[in-house]
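So the chains spell out like this:
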Amino acid sequence: MRLLTGNDLKTGAVTWWTGSDWSIHVEDAADVTGSEDETARREEAARRVNAPYAIDAEMQDGVPRPTHIKERVRTLGPTVRPDLTLKPAEPDLGNWVI
Amino acid sequence: MAELLRYRDDETVDHPAVTVDAFLDQSNASAVRIEPGDDARDLLPHLERLALVEVNFPAFGDGRGYSSARILREAGYDGELRAVGDVLVDQLAYMRRCGFDAFEPDQQLDKDDVQAAFERWPEVYQSAADDRTPIWTKRHA
Amino acid sequence: MYKYDQYDQAMVDARVEEFRDQARRRLEGKLTEDQFKPLRLMNGLYLQLHAYMLRVAIPYGTLDSRQMHALADIADKYDRGYGHFTTRQNIQYNWIKLEDAADILADLSKVEMHAIQTSGNCIRNISSDHFAGAAADEVVDPRPYAELLRQWSSFHPEFSYLPRKFKIAVIASDTDRAAMRLHDIGINIVRNDAGELGAAFYVGGGMGRTPMIAPCINDFVPLDRLVTYAEACLRVYNRYGRRDNKYKARIKILVHELGAEEYTRQVEEEFTLLLDQGVEPPFAELERVRTFFEDPLFEADASPDIDRSDPDFALWVDRNTVAHKADGYVSAVISLKPVGGIPGDATAEQMRLMADLAKDYSFDELRVMHTQNIVLPHVRKADLHALWTALDEAGLGAPNLDTVEDIIACPGLDYCSLANARSIPVAQRISERFAKTGKTETLGQLKLKISGCINACGHHHAGHIGILGVDRKGVENYQLLLGGSEAEDVSLAKITGPGFDEHGIVDAVETVTTVYEREREDGERFLDTYRRIGMNPFKEALYG
Ligand code: HEM
Ligand code: SF4
């Protein structure tokens, strides 16, 4: 599957296209296969996202998991500071990312 | 093409600008256009017959034109020096300092933004092709 | 320390307002991201892996306690309570909002700080010797020259859209503590036989994907022509540096392709023309700047004795303090490399403590080292025990300067969008390994440097041991390099062979240190042994 991601223009937060809006949780991300360019162009022009691009991902346990490690680090936060990630209480976070 | 911004009192030159090569070949042209890869120093022997030099910025990030402008001013050129092409409001103040006194941007610039850009810097640190006195000279005046 | 006058303050304030206006135009859609990017970069604002990242300049690495407090306050107020000190004497904040950026710059300007030209294709923050003004071996304090160049390069109208970034370092001693020859321009302030001061110019060094050591193009530029000469070097680069290929755009490629001799010829030609143009500041300005860097009032009779009865303290003194030009004083290094920690990171609390200690024990001065540590430059020997006690309680007392635990590491894949692999965890595992085996101390000086990609922000080319993260079919992989040095014996490290995975690289580092222990002769550092015996024994041990 393909996910559309970018950063929030004002805050810089990593965001995912849900099909109708942007979310900071990859769990909310929608498959954008086929519509990625058009959505990216429209949303960037409306300044609802900054520098959007599409990436490859796979469904795993009901959650999209980006194929590339860089995108997985981006999804949750720095592996060396679990306290600063989106899921600070999750002990197995590292396994999902790496 | 957007409106010409011009900070000179003399008449606007309306001859079309020719390339540097064409200018060097033909003795009657008085307007020339410098591309980023051209050597502004090729024009130095002919400054007295030049009334307009356009310096093209095909992309705003290519800063060679700033050096071209200063080189011409350092050599005494006092005709019109016009920045053309991808000229954006945030580059205007630096261009002015390098000796440009006219701007013909591809995209129309917001008038208020242009004025703000020229009024931005209360002082300057270094000397360039304009007549502003650098801070370090003022400190010891 | 240098203090802004009304002119400096007015310039920095104008820049804050300029950026506020640019950010507003971006948020309103008047600027596209392509147009905004170079503008925000020239104010140190990147878009990184998790958020915007702000890089704040610490000119020539010097700051006072008030400024360090301000950095701590910014970390708390706008970021997540910490910052990362970098190899170019800057500090980076990783969780910045575009909406807040102008306010942060305004807060900085209140303490005479800024983020001007900390990124972008312009002249960057000028770095210097972290022991400037304190080192026993310096010819003069190099910082007045760095300050003069800071002013010259700030908002330079001709050199703000260069082919690529441009980094300058200024030192003034034979010992190079600033990786001077790995900069676009390295300047060494020297004294000639007649006793006059001048500047030796080294041009065209750099790291990145094509590391090069800068050749000396002029061994004595008189001080009253320093700025004019720099202007000539930059103009030749701005006109002829490559713009067709981003990876060949640094000045090192121009100098290499033209040859140092031809580049020098062009610079000299330009220099001659520029001499008539009045670009040089009045000499009185250099004299004015110098007055800010006069020695603090050292006690003439400060005691030379240190009570070494506490062995932990004695070890820290041996490792982390450095000879000072004034009797009874040392420069003390605060290690930001606790075992298993993140190299270069400091919490707001730690920053405040370091600031307060600087006030109490170091004439209110701190320095940032290119090795991502902090220096208190002027500490009385008699105060060392009290200083160390306070540091140790706060987890800042690691006695590991220049050891294998004192690792330089870039942010790598944990923070950086350009990264191929993580750097920080590798640094953490290595320092833990050596702390556990207890070999740190016996290995002596061993500079280990890690970059998460070919850009070499972690100086891996200049490590006695270097580690470079690469991407091997989507999996992190690490190449090992040996034999680099950023110091006066500058050299570029060479790759040992095939790379290692995350665990293998830690073992590999241990393996090469074992070879060193086996082969070393009296007094040899790791680097000396490598230079004497060459790569092969290390290769054999690594790959069989
Ligand atoms: C996280 C954001 C960062 C980004 C996007 C970044 C980007 C880059 C890039 C693209 C280069 C290569 C330039 C070239 O070869 O032309 C580079 C070089 C460098 N960076 Fe960074 N960097 C970052 C962080 C850092 C940090 C944290 C440090 C210090 C620890 C640093 C210090 C350096 C140094 C010393 C160089 C080598 C300069 C040279 O090539 O001569 N950078 N950086
Ligand atoms: S070396 Fe590469 S990974 Fe490390 S900070 Fe620089 S650009 Fe990022």
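The text that follows walks through the structure, step by step, so that each part is easy to find. Just so you know, these numbers come straight off a predicted model, no measurement behind them.

### Brief notes about the sheet that holds strand 1 (residues 5-6) of chain B
Residue and element names in this part refer to chain B.
- With respect to topology, six strands assemble into an open sheet ordered 1-6-5-4-3-2, the strand pairing being mixed. Lying at the two open borders of the sheet, with one neighbouring strand each, are strand 1 and strand 2 (18-19).
- Where strand 1 lies against strand 6 (residues 102-105), two bridges are found, and the strand directions are antiparallel. Within the sheet, the bridge partner assigned to Leu5 lies in strand 6 and is Phe103.

### Observations concerning the coordination of the iron atom of ligand 1
- One donor from the polypeptide reaches the iron atom of ligand 1: C:Cys457 (SG), at 2.1 Å.
- Residue placement: C:Cys457 occurs in the loop between strand 17 (448-451) and strand 18 (465-472).

### Details of the site of ligand 1
Residue and element names in this part refer to chain C.
- Surrounding ligand 1, one finds 25 residues, the nearest of these being Thr87, Lys165, Met207, Arg250 and Cys457.
- Within the contact set of ligand 1, a nitrogen atom lies 3.3 Å away from a side-chain nitrogen or oxygen of Lys165.
- The side chain of Arg250 places a nitrogen or oxygen atom 2.9 Å from an oxygen atom of ligand 1.
- Split into classes, the residues belonging to the shell around ligand 1 amount to nine nonpolar, ten polar and six charged.

### Looking at the sheet that holds strand 2 (residues 52-56) of chain C
All names here are of chain C.
- Reading across the sheet, the five strands line up as 1-2-5-4-13 and stay open at both edges, with antiparallel pairing between neighbours. On the outer flanks of this sheet lie strand 1 (45-47) and strand 13 (345-347), each paired with one strand and no other. Between one strand axis and the next, the sheet turns through 30 degrees on average, direction left out of account.
- Bridge count between strand 4 (residues 82-85) and strand 5 (residues 91-96): two bridges; the pairing is antiparallel. Bridge pairing in strand 5 links His84 to Gln92.
- Of the strands in this sheet, strand 2, strand 4 and strand 5 are in contact with helix 3 (residues 65-78), which crosses strand 5 at around 15 degrees.
- Lying over the sheet, helix 4 (residues 98-110) contacts strand 1, strand 2 and strand 5, oriented at roughly 15 degrees with respect to strand 2.

### Focus: the pairing of strand 4 (residues 52-57) of chain B
All names here are of chain B.
- Among the six residues of strand 4, six are classified as buried, and the element is accordingly described as predominantly covered.
- Residues Leu52, Glu54 and Asn56 of strand 4 are buried on one face, and the alternating residues Val53, Val55 and Phe57, pointing to the opposite face, are buried as well.
- When strand 3 (residues 31-34) meets strand 4, the two strands line up parallel, connected through four bridges. Paired with Ala31 across the strands is Leu52, a residue of strand 4.
- Bridge analysis of strand 4 against strand 5 (residues 80-85) gives six bridges, and the strand direction is parallel. Bridge assignment links Phe57 to a residue of strand 5, and that residue is Gly85.
- Following the backbone out of strand 4, through helix 2 (residues 64-74) and into the adjacent parallel strand 5, one traces a crossover that is right-handed.

### What to know about the interface of chain C and chain B
- Contact residues are listed per partner, giving 51 residues for chain C and 37 residues for chain B.
- The junction of chain C with chain B conceals about 3,900 Å² of combined surface from both sides, 55% of it contributed by carbon and sulfur atoms.
- Note that C:Glu270 and B:Arg41 form a salt bridge whose closest N and O atoms lie 2.6 Å from each other.
- Run the count over chain C and chain B and you get 26 residue pairs in polar contact (both at pLDDT 80 or more).
- Taken together, the elements giving at least two residues each to the side of chain C that touches chain B come down to helix 1 (6-27), helix 2 (33-41), helix 5 (143-153), helix 6 (226-240), helix 8 (260-274) and helix 9 (283-291) of chain C.
- Looking at the side of chain C that touches chain B, the element that brings in the most residues is helix 1 of chain C, giving twelve residues.

### What about the packing of aromatic side chains?
- Applying the stated criterion across every chain yields a total of 25 aromatic pairs over all chains.
- Judged by centre distance (6.5 Å) and plane angle (25 degrees), the rings of C:Phe313 and C:Trp316 are stacked. With C:Phe313 and C:Trp316 both in helix 10 (residues 311-320) and three residues apart, the pair spans about one turn of that helix.
- Here C:Trp316 falls in the buried class, since its relative accessible area comes to 0%.
- An aromatic cluster is present here, built from B:Phe57, B:Phe60, B:Tyr66, B:Phe100 and C:Tyr161 joined pairwise through their rings.
- In this structure, B:Arg96 packs its charged tip against the face of B:Tyr7, placed 4.6 Å from the ring centre.
- Here C:Arg209 stacks its cationic end above the ring of C:Tyr247, 3.8 Å away from the centre of that ring.

### Some remarks on the site of ligand 2
- Residues in close proximity to ligand 2 include C:Cys410, C:Pro411, C:Gly412, C:Cys416, C:Leu418, C:Ala419, C:Ser451, C:Gly452, C:Cys453, C:Asn455, C:Ala456 and C:Cys457, which together make up its full environment.
- Split into classes, the residues belonging to the shell around ligand 2 amount to eight nonpolar, four polar and no charged.

### Focus on the arrangement of the chains
- Looking at the two pairs of chains with contacts, the pair that accumulates the most is chains B and C.
- In this assembly chain A lies apart from chain B, the nearest approach of their C-alpha atoms being 18 Å.

### Digging into helix 5 of chain C
Residue and element names in this part refer to chain C.
- Within helix 5, eleven of the eleven residues are buried, which leaves it mostly tucked inside the rest of the structure.
- All of the buried residues in helix 5 are Arg143, Pro144, Tyr145, Ala146, Glu147, Leu148, Leu149, Arg150, Gln151, Trp152 and Ser153.
- Backbone geometry just after helix 5 places Phe155 at a positive phi near 55 degrees.

### Regarding empty space enclosed by the protein
Residue and element names in this part refer to chain C.
- One pass over the structure, following the stated rule, counts nine cavities of 30 Å³ or more.
- Looking at the largest cavity, its volume works out to about 150 Å³.
- What lines the largest cavity is a set of 14 residues, and nearest its centre among them are Tyr2, Pro59, Tyr60, Gln67 and Glu112.
- Counting only elements with at least two residues in the lining of the largest cavity, the list comes to strand 3 (62-64) and helix 5.
- Classifying every residue of the lining of the largest cavity gives nine nonpolar, two polar and three charged.

### Quick notes on unusual backbone geometry
Residue and element names in this part refer to chain C.
- Phi angles above zero are rare outside glycine, and Glu112 is one such case at about 60 degrees.
- Note on placement: Glu112 falls in the loop between helix 4 and strand 6 (127-128).
- If you check the backbone angles, Lys473 has positive phi at about 50 degrees while not being a glycine.
- Along the chain, Lys473 turns up in the loop between strand 18 and strand 19 (475-482).

### A closer look at the pairing of strand 8 (residues 185-191) of chain C
Residues and elements named next belong to chain C.
- Here strand 8 lies mainly inside the structure; five of its seven residues are buried.
- Judged from the four bridges that link them, strand 7 (residues 168-171) and strand 8 form a sheet pairing that is parallel. Pairing of Ala169 across the sheet is with Gly186, part of strand 8.
- Bridging between strand 8 and strand 9 (residues 197-203) involves seven bridges; their strand directions are antiparallel. In the sheet register, Gly186 faces strand 9, and the bridge partner there is Tyr202.
- The antiparallel pairing of strand 8 with strand 9 creates a hairpin that spans five residues between the two strands, and Gly195 there sits at a positive phi of about 85 degrees.

### Some remarks on the layout of surface pockets
Residues and elements named next belong to chain C.
- If you add up the space inside the second largest pocket, you get close to 420 Å³.
- Elements with a contribution of two residues or more to the lining of the second largest pocket: helix 10 and strand 11 (321-323).
- Of the residues that constitute the lining of the second largest pocket, the class distribution is five nonpolar, eight polar and ten charged.

Scoring rules and cut-offs
- Residues numbered from 1 in each chain as written.
- Chains lettered and ligands numbered in written order.
- Predicted model: local features only at pLDDT ≥ 70, side-chain atom pairs only at ≥ 80, totals over all residues.
- Heavy atoms only, no water.
- Pairing = 2+ DSSP bridges.
- Helix = DSSP H or I, 4+ residues; strand = E, 2+ residues; numbered from the N terminus.
- Donors = N, O, S within 2.8 Å, 3.2 Å for Na, K, Ca; no water.
- Near = heavy atom within 4 Å.
- Polar contact = N/O pair within 3.5 Å; in protein donor to acceptor, adjacent residues only side chain to side chain.
- Nonpolar A, V, L, I, M, F, W, Y, C, P; charged D, E, K, R; others polar.
- Axes fitted to C-alpha atoms, helices over the stretch in contact; angles between N-to-C directions.
- Contact = heavy atoms within 4.5 Å.
- Buried < 20%, exposed > 50% of the residue type's maximum accessible area, 1.4 Å probe, protein only.
- Right-handed = clockwise from strand over helix to strand, strands pointing away.
- Buried area = accessible area lost by both parts, 1.4 Å probe.
- Salt bridge = Lys/Arg side-chain N within 4 Å of Asp/Glu carboxyl O.
- Phe/Tyr/Trp six-rings, centres within 6.5 Å; stacked < 30°, edge-to-face > 60°.
- Lys NZ or Arg CZ within 6 Å of the ring centre and 35° of its normal.
- 1 Å grid on protein atoms, 1.4 Å probe; cavity = no way out; pocket = protein on both sides within 12 Å on 5 of 7 lines; lining within 4 Å.
- Points joined across faces, edges and corners; volume = space filled by probe spheres on them.

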